[in-house]
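Report on the structure
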Amino acid sequence: MRILLVEDDFMLGEAVRDGLCQEGYVVDWVQDGGTARAALSTTAFSALLLDLGLPGSDGLSVLRWLRQKGHTTPVVIVTARDRVADRIAGLDAGADDYLIKPFDIDELGARLRAITRRVVGRTESTLTAGEVVLDMRQRLVTFHGQPTGLTAREYAVVELLMRRAGGLVTRAEIEEELYGFEDEIASNAIEVHIHNLRRKLGPRFITNLKGRGYRVDNDR
Ligand code: CA
């Protein structure tokens, strides 16, 4: 999952980015509202972590702008302002959840999993396609009941394909999910991931729709 982190505190931003990267998320970190809007205009994120106190336009105005544009991206407000009024204003403006600084990175991970599950309309935390089972809570994929030892990026590919099971997922969408703005992407990177996933999850798990993208079916 690709997360946009909007945080002007350097130490906190770095800690959150590193913590989430270790959990396998792709994190794009920006430090002001204008850059956040630019990123949100061009890129589909799985969730937005939004500090309220930002230089220039503050977090609340970014949130209102996002919702006015009709984007339903889940938003977690991350703020030091523990006054009730700020939390209410954030929730009224369309935030899905909030965290008060300082917070535990594990709690942030749990909140992110909860809100992204809500967005795909699921209350359970596993996805199943044939003999492949993905557990979003543990970020674990099994094949015929055995752990598969996927890398973080392989996991992200499988999660994306399984969330959209039955539908086409383009190569560009996979790249967008896996790589941040600053990452270098080898031209065959996605093909390499797909190749390794076929090796680990069986050759029939992912269908390659030549030149268009990839698909996982629910019903095998
Ligand atoms: Ca701040």
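Residues numbered from 1 in each chain as written. Predicted model: local features only at pLDDT ≥ 70, side-chain atom pairs only at ≥ 80, totals over all residues. Heavy atoms only, no water.

Side note on the sheet that holds strand S6 (residues 126-129)
In sheet architecture, strand pairing relies on hydrogen bonds along the backbone and comes in two forms, parallel and antiparallel. Across the sheet, 4 strands lie side by side as S6-S7-S8-S9; this open sheet has antiparallel pairing. Of all the strands in the sheet, the pair left with one neighbour each is S6 and strand S9 (146-147). Alignment of strand S8 (residues 140-143) against S9, held across 2 bridges, turns out to be antiparallel. Looking across to S9, one finds that Thr142 is bridged to Pro147. Packing of helix H6 (residues 152-163) onto the sheet brings it into contact with S6, strand S7 (132-135) and S8, and relative to S7 it is tilted by some 105°. (Pairing = 2+ DSSP bridges. Helix = DSSP H or I, 4+ residues; strand = E, 2+ residues; numbered from the N terminus. Contact = heavy atoms within 4.5 Å. Axes fitted to C-alpha atoms, helices over the stretch in contact; angles between N-to-C directions.)

With respect to helix H2 (residues 33-42)
Along an α-helix, a turn takes 3.6 residues, which lines up residues three or four apart on a common side. Among all positions in H2, only Gly33, Ala36, Ala39 and Leu40 are buried. For H2, the angular spread of buried residues about the axis comes to 120°, placing them on one side. The N-capping residue of H2, defined by a side-chain oxygen 3.0 Å from the backbone nitrogen of Gly34, is Asp32. (Buried < 20%, exposed > 50% of the residue type's maximum accessible area, 1.4 Å probe, protein only. Arc of directions from axis to C-beta. Polar contact = N/O pair within 3.5 Å; in protein donor to acceptor, adjacent residues only side chain to side chain.)

Topic: the domain arrangement of the protein
Partitioning the protein into structural domains gives domain 1 (2-119) and domain 2 (126-215). In this assembly, 14 residues from domain 1 lie in contact with 11 residues from domain 2. Between domain 1 and domain 2 we count 4 residue pairs in polar contact (both at pLDDT 80 or more) in total. Residue contributions to the side of domain 1 that touches domain 2 peak at 3 residues, all from helix H5 (residues 105-119). When the residues that make up the side of domain 1 that touches domain 2 are grouped by side-chain class, the tally is 5 nonpolar, 4 polar and 5 charged. (Domains from an automatic or database assignment. Nonpolar A, V, L, I, M, F, W, Y, C, P; charged D, E, K, R; others polar.)

A word on the packing of H6 against helix H7 (residues 171-178)
At a minimum axis separation of 10 Å, H6 and H7 run at an interaxial angle of 130°. In terms of orientation, H6 and H7 fall into the oblique class. Along this stretch, H6 crosses H7, giving a crossing that reads as right-handed. Across from Arg153, Ala156, Val157 and Leu160 in H6, the residues of H7 making contact are Glu173, Ile174, Glu177 and Leu178. Partitioning the contact of H6 with H7 into residue classes produces 5 nonpolar, no polar and 3 charged. (Parallel < 35°, antiparallel > 145°, perpendicular 65-115°, else oblique. Left-handed = near helix turned anticlockwise from the far one by under 90°.)

Structural notes on the layout of surface pockets
Put simply, the largest pocket is a space of about 540 Å³. Ala44, Phe45, Ser46, Leu160 and Glu177 are, among the 21 residues lining the largest pocket, the residues nearest its centre. When residues of the lining of the largest pocket are traced back to their parent elements, those giving at least two are H5, H6 and H7. In terms of residue class, the lining of the largest pocket is made up of 9 nonpolar, 6 polar and 6 charged. Looking at which domains feed residues into the lining of the largest pocket, each of domain 1 (2-119) and domain 2 (126-215) supplies at least three. Put simply, the second largest pocket is a space of about 390 Å³. (1 Å grid on protein atoms, 1.4 Å probe; cavity = no way out; pocket = protein on both sides within 12 Å on 5 of 7 lines; lining within 4 Å. Points joined across faces, edges and corners; volume = space filled by probe spheres on them.)

Points about the sheet that holds strand S2 (residues 26-30)
Ordered by their spatial adjacency, 5 strands build an open sheet running S2-S1-S3-S4-S5, and the pairing between neighbours is parallel. Two strands close off the open sheet at either side, each with one partner strand: S2 and strand S5 (97-100). Pairwise comparison of adjacent strand axes, ignoring direction, gives a mean angle of 20° for this sheet. Alignment of strand S4 (residues 75-79) against S5, held across 4 bridges, turns out to be parallel. The residue of S5 that forms the bridge with Val76 is Asp97.

Topic: the packing of H7 against helix H8 (residues 189-201)
Closest axis-to-axis distance for the H7/H8 pair is 10 Å, and the angle between their directions is 90°. It follows from the interaxial angle that H7 and H8 lie roughly perpendicular. Where H7 approaches H8, its residues Arg171, Ile174, Glu175 and Leu178 are matched on the opposing element by Ile190, Glu191 and His193. A class-by-class count of the residues in the contact of H7 with H8 yields 3 nonpolar, 1 polar and 3 charged.

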